[in-house]
Amino acid sequence: MKERNLPINPNGGALKGVRGMMLTFIDDPFLRNTSECYTIYNDGLAVIQDGRFIDVGEYADVIGKYNDLTDIDVYDNSLIIPGMIDCHLHYVQSPMIGSYGGSLLEWLNTYTFPTESKFKDKKFADDVARIFFRQILSQGTTSANIFATTFASSVDAIFEESERYNTRVISGKVLQDRNLPDSLKDPDTEQSIIISENLMNKWHQRGRQLYAVIPRFAPTSTPDQLQLAGELYQRNRDRGVYMHTHLDEVQSEIDWVTRLFPDRKNYTDVYDYYGLIDRTSVLAHCCIVREEEWQTLHAKDCGVAHCPSSNLFLGDGEFKYWEAKNAQRPVRVGMATDVGGGTNFSVFRQLGEAYKVAMLQDHSLDAVCSLYLATRGAAQTLHLENTIGSIAPGYEADMAVIDLAPSEFASWRLQFSDDIWQKLFVLMTLGLDNTNRATYVAGKKVYDRRREQPFEYADQLK
Ligand code: GUN
Ligand code: ZN
């Protein structure tokens, strides 16, 4: 972790301060002694210049160093944490979130595919992207790894809106050329790769935007498409391009993959065979994973997205964090909403669901470990742990401000909890809709629940 403060850039922008109780992780509590993994500043001050933290510490220790720092936002009865990171979700499913659906495969056919077919229309895609960002920002999410769908219009819409807020988004065209309706299917496999490559060249590393090669999951791509997708990923992996897909979500899906790819050892091996498993691969769900698959995911240093509310809603299966975090061969794990399989846009609310999923299997996920999965752990999953997910000098200045009095009842209830971890656990469990009070993206307060205009694009703010 970079800990020393950075010098002020004399030619840079004005200094900005954010003051209040602050919490950030410095190490992985699944693998190290919990109390050594985080820092809490009771009256903290984060100093920001040009979108990055240049200094963080107790207010009394830091303020004297910055004569020019007059613009300071102060938060009482709150906890400032790194902006939360959603490791897997589908913005294109916002219009059908909460649909009654039966099993995963029924739900995909009945609601998901018809909804995603509408994103050929750029105007529709723009409208959904606009609403979607308001949802995630109001919940304190500042970075997300997002599925678009087949159409280039769906990719442009999500990146364009992300650029307006200056959020860190990973997204890309979804590759899918079989086993789904013609309205959503890639009509030409080779062309689907060319369209992806053009979008990649347009969006990858433009500002904070990053591109992912996204085969939806093995059953909806022909072997040819998986082969070409793997080649595209391998050609661009060294410049930070991702691979993002679903893996081992539910038994009926795994059985289908076994029938479609009888020569492969297991589901992970299908992706690995086509060159899709590597350092910047992110695999969503991973509920039913064989030991040999975990070993591959560890050996290739992949990231795994834990999607508890979706897994409960779709009756998929249960993620086993103790398997993923086995100290002999740990795998990177981050939290995810998986909207629209997930039932809300809040990473923080997933933590209450993650607790219940683990309890069903006789494991209890504590507040330290679960908040880690929403912040630094999620950054690690995306291999961005030196860039986002921590409040420390050099990091991009993304923050969420957790309200420690979000309602009359919650405020009353929290007085009976002794320390901040107990309070956080209660808030995770209550799963209120308004736990987040304000959201900073690269140092700008793009969301403030109490402001007349709660949402502002980055360039509208000083
Ligand atoms: N597997 C393939 N597509 C999807 C999807 O859209 N949602 C979920 N939860 N699983 C999938
Ligand atoms: Zn998904």
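Residues numbered from 1 in each chain as written. Chains lettered and ligands numbered in written order. Predicted model: local features only at pLDDT ≥ 70, side-chain atom pairs only at ≥ 80, totals over all residues. Heavy atoms only, no water.

This paragraph deals with the overall build of the protein. A tally of helices and strands in the protein yields 16 helices and 17 strands. Relative to the 2.2 N^0.38 estimate, which gives 23 Å for 462 residues, the radius of gyration of the protein is 21 Å and therefore close to what a compact globule would have. Oriented by its inertia axes, the alpha-carbon framework of the protein measures out at about 65 × 50 × 40 Å. Counting all 462 residues of the protein, 61% fall into the buried class. For the protein, restricting intrachain contacts to residue pairs at least 6 apart in sequence, the fraction spanning at least 24 positions comes to 75%. (Helix = DSSP H or I, 4+ residues; strand = E, 2+ residues; numbered from the N terminus. Rg over C-alpha atoms; globule rule 2.2 N^0.38 Å. Buried < 20%, exposed > 50% of the residue type's maximum accessible area, 1.4 Å probe, protein only. Contact = heavy atoms within 4.5 Å.)

The zinc ion (ligand 2) binds to the protein through His88 (NE2), His90 (NE2), His246 (NE2) and Asp338 (OD), with metal-donor distances spanning 2.0 to 2.3 Å. Around the zinc ion (ligand 2), the four donor atoms sit at angles spanning 86 to 166 degrees, and that spread fits a shape best called irregular. Each donor residue of the zinc ion (ligand 2) belongs to the same chain, with the gaps between them written as H-x1-H-x155-H-x91-D. Remark: histidine 246 occurs in strand β11 (residues 242-247) and histidine 90 occurs in strand β6 (residues 84-90); sequence separation between them is 156 residues. When sorted by exposure, histidine 90 lands in the same class as histidine 246, which is buried. (Donors = N, O, S within 2.8 Å, 3.2 Å for Na, K, Ca; no water. Tetrahedral: all angles 85-135°; square planar, octahedral: opposite > 155°, others 65-115°.)

For helix α13 (residues 367-374), the tally of buried residues reaches eight of eight residues, placing the bulk of the element in the interior. Inspection of α13 places Ala367, Val368, Cys369, Ser370, Leu371, Tyr372, Leu373 and Ala374 among the buried residues, and these make up the whole buried set. The backbone nitrogen of valine 368 lies 3.2 Å from a side-chain oxygen of the residue at the head of α13, namely aspartate 366. (Polar contact = N/O pair within 3.5 Å; in protein donor to acceptor, adjacent residues only side chain to side chain.)

With that settled, the discussion passes to the pattern of salt bridges. Per the counting criterion, the structure on display carries 33 salt bridges. For aspartate 73, the salt bridge is made with lysine 16, and the minimal N-O distance between the two is 3.0 Å. Here aspartate 73, found in strand β4 (residues 72-74), pairs with lysine 16, found in strand β1 (residues 16-25); they are 57 residues apart in sequence, far enough to count as distant. We note a salt bridge from arginine 32 to aspartate 27, for which the minimum N-O separation is 3.3 Å. (Salt bridge = Lys/Arg side-chain N within 4 Å of Asp/Glu carboxyl O.)

Attention shifts here to the nonpolar core. Counting 107 residues, the largest nonpolar core has Tyr91 and Leu371 as its most contacted members. Ignoring anything within four residues of it in the chain, the contact list for leucine 371 reads Leu23, Phe25, Ile81, Phe348, Leu351, Trp421, Leu424 and Met428. With 19 residues, the next largest nonpolar core counts Tyr242, Ala336, Ala378 and Leu384 among its residues. (Core = buried A, V, L, I, M, F, W, Y, C linked by side-chain atoms within 4.5 Å.)

With that out of the way, let us pick up the site of ligand 1. Neighbouring ligand 1 are the residues His90, Gln93, Leu104, Trp107, Leu108, Arg216, Phe217, His246, Glu249, His285, Leu314 and Asp338. Considering ligand 1 on its own, with 280 Å² of exposed area, one finds that the protein chains cover 100% of that surface. In terms of residue count, helix α2 (residues 104-117) provides more of the shell around ligand 1 than any other element does, three residues in total. Here the shell around ligand 1 is composed, by residue class, of five nonpolar, four polar and three charged. (Near = heavy atom within 4 Å. Areas by Shrake-Rupley, 256 points an atom, 1.4 Å probe, with all protein chains shown as cover. Nonpolar A, V, L, I, M, F, W, Y, C, P; charged D, E, K, R; others polar.)

That bond from valine 339 to glycine 340 is cis: its omega, 0 degrees, falls within 30 degrees of zero. Within the fold, glycine 340 resides in the loop between β14 (332-335) and α12 (347-359). Although it is not a glycine, cysteine 286 sits at a positive phi angle of roughly 50 degrees. Positionally, cysteine 286 belongs in the loop between β12 (281-285) and α9 (291-299). With relative accessibility at 1%, the residue cysteine 286 sits in the buried group.

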